[in-house]
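# Chains, contacts and geometry: an overview
Given next are the chains, with one letter for each unit.
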Amino acid sequence: MGQLMRLESREQIAAGVWAIVVRRDDPTAPVAAGQFLNVLCGTRVTSMVLRRPLSIADVSDDGRLITLIFRVVGAGTTVLSELPVGAEIDCAGPLGHGFDLTTAGHRALLFGGGVGVPPMYLLGRRLVERGVQVQFRLGFRDAADVFWTDRFAHLGEVLVSTDDGSVGTRGTVADLQGTDQARQFPPDAVYACGPIPMLRHVQQSFAADLPTQLSLEERMACGVGACYACVIPDAEHTDHQWRICYDGPVLDAGKVIL
Ligand code: FES
């Protein structure tokens, strides 16, 4: 169900974190910020059984080159990180619903945590192209975990937190709220991608007053809405659950129970 994409480059950008660029021959399907590719980890001969959903960090202007960033967490992502340049990778997508840019207003606040950081780059690019001023608040474990902050800085102001304080403010992105830069940036809209505690902070801090969208990181299996391995409760209808891969991964913060 995927199309074969050629591995153009791979680079380790932080401890256990890799950026790969894949080329697709058919760029007609548009790429929205917040979408993902569901990647068969390996060649078709050596591949693992399950696909891995990898968030899209960037796309070239002609739509052919897609940058994916992932953390090596098991056998599948290890295989993926070791594939040689030129290998053909079976990728399904772009999949899922991405971020809605129309509610961004004049100033948008973008939160990213860990491997939730990459989609914030493409989102930031798209918002800046629309004339929106952006501030990024990015959370990492420690200095070895930090990546791409220089690239983000070309788009807007970057505030960084690390658990151990080795870069930026000590603590989580929630601890950035008290900084002068945060106080001087009252946003019109908020976007976030990262671990659940971070999303909870964003939901509780902003969703009542501002358009707030969350990209939910969940383990997926089929990636196309068929298996219900990725569900999360609907805040408005207790008998309904959202499928993150199909209804999301981006959902309005007011619509989910975290
Ligand atoms: Fe199968 Fe979402 S991963 S329904």
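Everything numeric here is computed off the predicted structure, so don't read it as measured data. (Residues numbered from 1 in each chain as written. Predicted model: local features only at pLDDT ≥ 70, side-chain atom pairs only at ≥ 80, totals over all residues. Heavy atoms only, no water.)

### A few points about the nonpolar core
Core analysis: the biggest nonpolar cluster contains 53 residues, and L127 and Y191 have the highest contact counts within it. Inspection of this core shows a minimum of three residues originating in each of domain 1 (2-95) and domain 2 (107-215). The residues touching L127, leaving out its near neighbours within four places in the chain, are L101, A104, A108, L110, V132, V134 and Y191. By size, the runner-up hydrophobic cluster in this structure holds 27 residues, among which are V202, C230, I232 and W242. (Core = buried A, V, L, I, M, F, W, Y, C linked by side-chain atoms within 4.5 Å. Buried < 20%, exposed > 50% of the residue type's maximum accessible area, 1.4 Å probe, protein only. Domains from an automatic or database assignment. Contact = heavy atoms within 4.5 Å.)

### Details of the sheet that holds strand 2 (residues 17-23)
The strands making up a sheet are joined through hydrogen bonds of the backbone, oriented either antiparallel or parallel. What the six strands build is a closed barrel, ordered 1-2-5-4-3-6; its pairing is antiparallel. Strand-to-strand twist across the sheet, computed as the mean angle between neighbouring axes with direction ignored, equals 45 degrees. Two elements, strand 3 (residues 36-40) and strand 4 (residues 51-59), share five bridges in a ladder whose sense is antiparallel. Residue pairing for strand 4: N38 is matched across the bridge by P53. Against the sheet, helix 1 (residues 75-82) engages strand 1 (3-14), strand 2, strand 3, strand 4, strand 5 (65-71) and strand 6 (88-95), with an angle of about 135 degrees to strand 5. Where helix 2 (residues 118-129) meets the sheet, its contacts fall on strand 4 and strand 5, and the angle it forms with strand 4 comes to roughly 35 degrees. (Pairing = 2+ DSSP bridges. Helix = DSSP H or I, 4+ residues; strand = E, 2+ residues; numbered from the N terminus. Axes fitted to C-alpha atoms, helices over the stretch in contact; angles between N-to-C directions.)

### Digging into the environment of R183
The topology assignment puts R183 in helix 4 (residues 180-183). Discounting residues that sit within four places of it in the chain, R183 has contacts with Q177 and G178.

### What about the domain arrangement of the protein?
How big an interface is tends to be reported as the loss of accessible area on association of its parts. Split by domain assignment, the protein resolves into domain 1 (2-95) and domain 2 (107-215). The gap between the C-alpha centroids of domain 1 and domain 2 is 24 Å. At the interface, 18 residues of domain 1 touch 14 residues of domain 2. When domain 1 packs against domain 2, the two sides together hide about 1,400 Å² of surface, and 59% of this comes from carbon and sulfur. At the junction of domain 1 with domain 2, the criterion picks out three salt bridges. Between D58 and R125 there is a salt bridge, with the nearest N and O atoms lying 2.5 Å from each other. The interface formed by domain 1 and domain 2 contains six residue pairs in polar contact (both at pLDDT 80 or more). (Buried area = accessible area lost by both parts, 1.4 Å probe. Salt bridge = Lys/Arg side-chain N within 4 Å of Asp/Glu carboxyl O. Polar contact = N/O pair within 3.5 Å; in protein donor to acceptor, adjacent residues only side chain to side chain.)

### As for the pattern of salt bridges
Overall, the coordinates contain 10 salt bridges when judged by the stated rule. Salt-bridge contacts for D145 lead to R71; the nearest nitrogen and oxygen are separated by 2.9 Å. Placement of D145 in the loop between strand 8 (133-140) and helix 3 (149-153) and of R71 in strand 5 is noted, with a sequence separation of 74 residues between them. R141 is the partner of D145 in a salt bridge, and the nearest nitrogen-oxygen pair spans 4.0 Å. The class of D145 is buried, set by a relative accessible area of 2%. The exposure class of R141 is partly exposed, given its relative accessible area of 45%.

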